[in-house]
Amino acid sequence: MQKKLILDSNLLSITVNRLCQQLIENHGDFSKTAILGMQPRGIHLAEMIHQKLEETTGKKIDLGYLDTTFFRDDFRRRESPVAANATKVPFIIEDKKVILIDDVLYTGRTVRAAMDAMIAFGRPRKVELLTLVNRKYSRQLPIEADYIGIDVNTLDTQKVLVELEALGSKKNKIWLINKDKQ
């Protein structure tokens, strides 16, 4: 297995700051905007962005976590049961702009499931997608992110690994992993 560093800690910090500035430009005071981190790994990025946005704007911004387990189209196809993660949406999303956040956009199926899960909390005015890594040329559904940290050309045999301090890593880093051919 070979690993290639895509973003180190410094570049990742700059990327997150840029994404926050783009959100501020488009959402102003965030009075009608909510952030939903997609379980399991998108919640950590959502928390990072939420914290930076609140520090920068001085405003309180709604933050929630959304689990898509039971809304996935492959839920019943798996051989072993999948454990669900917590959904925590302590606000109504009716008529709000919602920013869905996930660490990696790959096939688009998780985003589709998140949109289905989100409807249980109301009908948003608009839904936007923010992803730290956009895996190009891998989409199975016509879903694209509105805010992208970095575009990465990948093969199906490669994996993108996002290491975050919030998940126990020593430093925030993003890797492209090539699996060895056997």
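Look above for the structure.
Residues numbered from 1 in each chain as written. Predicted model: local features only at pLDDT ≥ 70, side-chain atom pairs only at ≥ 80, totals over all residues. Heavy atoms only, no water.

Q: Quick question: what am I supposed to make of the sheet that holds strand E1 (residues 2–7) here?
A: The pairing of strands in a sheet comes from backbone hydrogen bonds and takes either a parallel or an antiparallel form. The strand order E1-E8-E7 describes an open sheet built from 3 strands, whose pairing is antiparallel. The open sheet has two edge strands, E1 and strand E7 (158–163), and neither has a second partner. Taking each pair of neighbouring strands and ignoring which way they run, the sheet shows an average axis angle of 25°. Where E7 lies against strand E8 (residues 173–178), 6 bridges are found, and the strand directions are antiparallel. When the sheet's bridge partners are listed, Leu161 is paired in E8 with Trp175. (Pairing = 2+ DSSP bridges. Helix = DSSP H or I, 4+ residues; strand = E, 2+ residues; numbered from the N terminus. Axes fitted to C-alpha atoms, helices over the stretch in contact; angles between N-to-C directions.)

Q: Sorry, what's going on with the pairing of strand E4 (residues 97–105) here?
A: Residues in a regular strand project their side chains so that they alternate between the two faces of the sheet. Of all 9 residues in E4, 8 are buried, a share of seventy percent or more. Two strands pair when backbone bridges link them, and strand E2 (residues 33–38) and E4 are joined in this way by 5 bridges, in the parallel orientation. Within E4, the position partnered with Gly37 by the bridge is Ile101. When E4 meets strand E5 (residues 126–136), the two strands line up parallel, connected through 8 bridges. Bridge assignment links Asp102 to a residue of E5, and that residue is Thr131. With helix H3 (residues 109–118) bridging E4 and its parallel neighbour E5, the resulting β-α-β unit is right-handed. (Buried < 20%, exposed > 50% of the residue type's maximum accessible area, 1.4 Å probe, protein only. Right-handed = clockwise from strand over helix to strand, strands pointing away.)

Q: Quick question: what am I supposed to make of the sheet that holds E4 here?
A: Taken together, the 5 strands give an open sheet; going across it, the order is E3-E2-E4-E5-E6, and neighbouring strands pair in parallel fashion. Across the chains shown, the open sheet's two edge strands, defined by having one partner strand only, are strand E3 (62–66) and strand E6 (147–153). Direction aside, the axes of adjacent strands within the sheet are offset by 25° on average. Contacting E2, E3, E4 and E5, H3 runs over the sheet at an angle of about 150° to E4. (Contact = heavy atoms within 4.5 Å.)

Q: Looking at this model, I keep getting lost on the side chain of Arg135. Mind explaining?
A: By the element assignment, Arg135 lies in strand E5. A polar side-chain atom of Arg135 sits 3.0 Å from the main-chain carbonyl oxygen of Gln158. (Polar contact = N/O pair within 3.5 Å; in protein donor to acceptor, adjacent residues only side chain to side chain.)

Q: Help me understand the packing of aromatic side chains, please; the structure alone is not making it clear to me.
A: Each aromatic ring pair is characterised by the separation of its centres together with the angle its planes make. For the structure on display, the rule yields 0 aromatic pairs. Positioned above the aromatic ring of Trp175 is the side chain of Lys3, whose terminal nitrogen or guanidinium carbon lies 4.2 Å from the ring centre. Positioned above the aromatic ring of Tyr106 is the side chain of Arg135, whose terminal nitrogen or guanidinium carbon lies 4.0 Å from the ring centre. (Phe/Tyr/Trp six-rings, centres within 6.5 Å; stacked < 30°, edge-to-face > 60°. Lys NZ or Arg CZ within 6 Å of the ring centre and 35° of its normal.)

Q: Quick question: what am I supposed to make of the pattern of salt bridges here?
A: Pairing is possible between side chains that carry opposite charge, provided their charged atoms lie close to one another. For the coordinates displayed, the defined rule picks out 6 salt bridges. Between Lys126 and Glu128 there is a salt bridge whose closest N-O contact spans 3.5 Å. (Salt bridge = Lys/Arg side-chain N within 4 Å of Asp/Glu carboxyl O.)

Q: Could you clarify how one ought to interpret the environment of Gln158 in this entry?
A: Relative to the elements of secondary structure, Gln158 occurs in strand E7. As a C-alpha pair, Gln158 and Gln2 span 156 residues in sequence and 9.8 Å in three-dimensional space. Once you skip the residues sitting within four places of it in the chain, Gln158 turns out to touch Arg135, Asn153, Leu176, Ile177 and Asn178.

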